Amino acid sequence: RNEIFLADLTSSKFERKKFDNLILQKTITNFRRYMRNDDFHEDSINFLVKVNELDSSWTFSDKTPEYQNLIKKLHGVKLSEIAEIYFGKPKPIQTETNGQTIPYVLIGDIENNKLVSNIKNAISISNRKIEEYSKIALQENDILVSCQGTIWKIALVERKDLGMIPSSQLAVIRPQKQKILPEFLLTALQSEQVRTQLQPKIRGSFIARIPRNELDGLIIPLPTLEKQKDVVHEFYQIRSEIQELEQLLREKKQHLDNFKFGE
């Protein structure tokens, strides 16, 4: 046969998995049906994969029927096919007395899809290490996502943020602009379709994290550039309307709080 029977015998998607006897019994039953060439219901626990669909970087969660159906609906591509991805650096323990002082970005510096303007953290990098940090130094229209601890805070890098160094909890996603607009990728990364993919990719029992290979494999919708422009315009228009309504609501609440009865 050119098929492989895959099974997940655990009751958890995290690193410290618990073996589940009920799932084992179901898997044994399904495997026997498979060996007899009988039909069985394929789901995220037991399913078949063609041998030629596997490569050196495949993961179990990417091959489940639910995930494959999501890919078909999105008509998308892997994030690694439309963007370069880099992870930030840990803050150096030693301070270089003659190094370059550069702002250092933490998760807390991300607010409302932007980096706050008063970033106070800084690191000093020696001249010999400048090249090592050069790839992850922020460029305009990079997208930052938090991948450890607090998962999935997102910011679009502006011109004022150029050259900053992200912490190791952050990933730098550098869009290939001939394929995808940075603003469209920002909206896609926040969409329900992408967030649905995140949960089975999160690892860690105590500190949640998204590994590099799982981030690479996120499926991103990829319409034409013209359609991307339309989506971005609609997204920001709706967000602007929401912000105006929220402001109106705050003003009405304040008016109600200051309302004077009997006057």
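Each remark here, short or long, concerns the structure printed above.
The rules behind these values
Residues numbered from 1 in each chain as written. Predicted model: local features only at pLDDT ≥ 70, side-chain atom pairs only at ≥ 80, totals over all residues. Heavy atoms only, no water. Phe/Tyr/Trp six-rings, centres within 6.5 Å; stacked < 30°, edge-to-face > 60°. Lys NZ or Arg CZ within 6 Å of the ring centre and 35° of its normal. Pairing = 2+ DSSP bridges. Helix = DSSP H or I, 4+ residues; strand = E, 2+ residues; numbered from the N terminus.

S.K.: Outline the packing of aromatic side chains, supporting the account with residue identities and numerical values.
M.R.: Using the criterion set out here, one finds five aromatic pairs in the structure. Relative to tyrosine 236, the ring of phenylalanine 235 lies with its centre 5.4 Å away and its plane at 90°, an arrangement referred to as edge-to-face. One aromatic cluster is present, formed by Phe5, Phe31, Tyr34 and Phe40 through successive ring pairs. Lying over the aromatic face of tyrosine 133, lysine 89 brings its terminal NZ or CZ to 5.8 Å of the ring centre.

S.K.: Lay out the sheet that holds strand β8 (residues 122-125) with the relevant residues and their values.
M.R.: One open sheet accounts for three strands, arranged β8-β5-β11; its pairing is mixed. In this open sheet, the two edge strands, each paired with only one partner strand, are β8 and β11 (165-166). Taken together, the two bridges between strand β5 (residues 100-105) and β11 define a ladder with parallel strand orientation. Paired with tyrosine 104 across the two strands is isoleucine 165, which belongs to β11.

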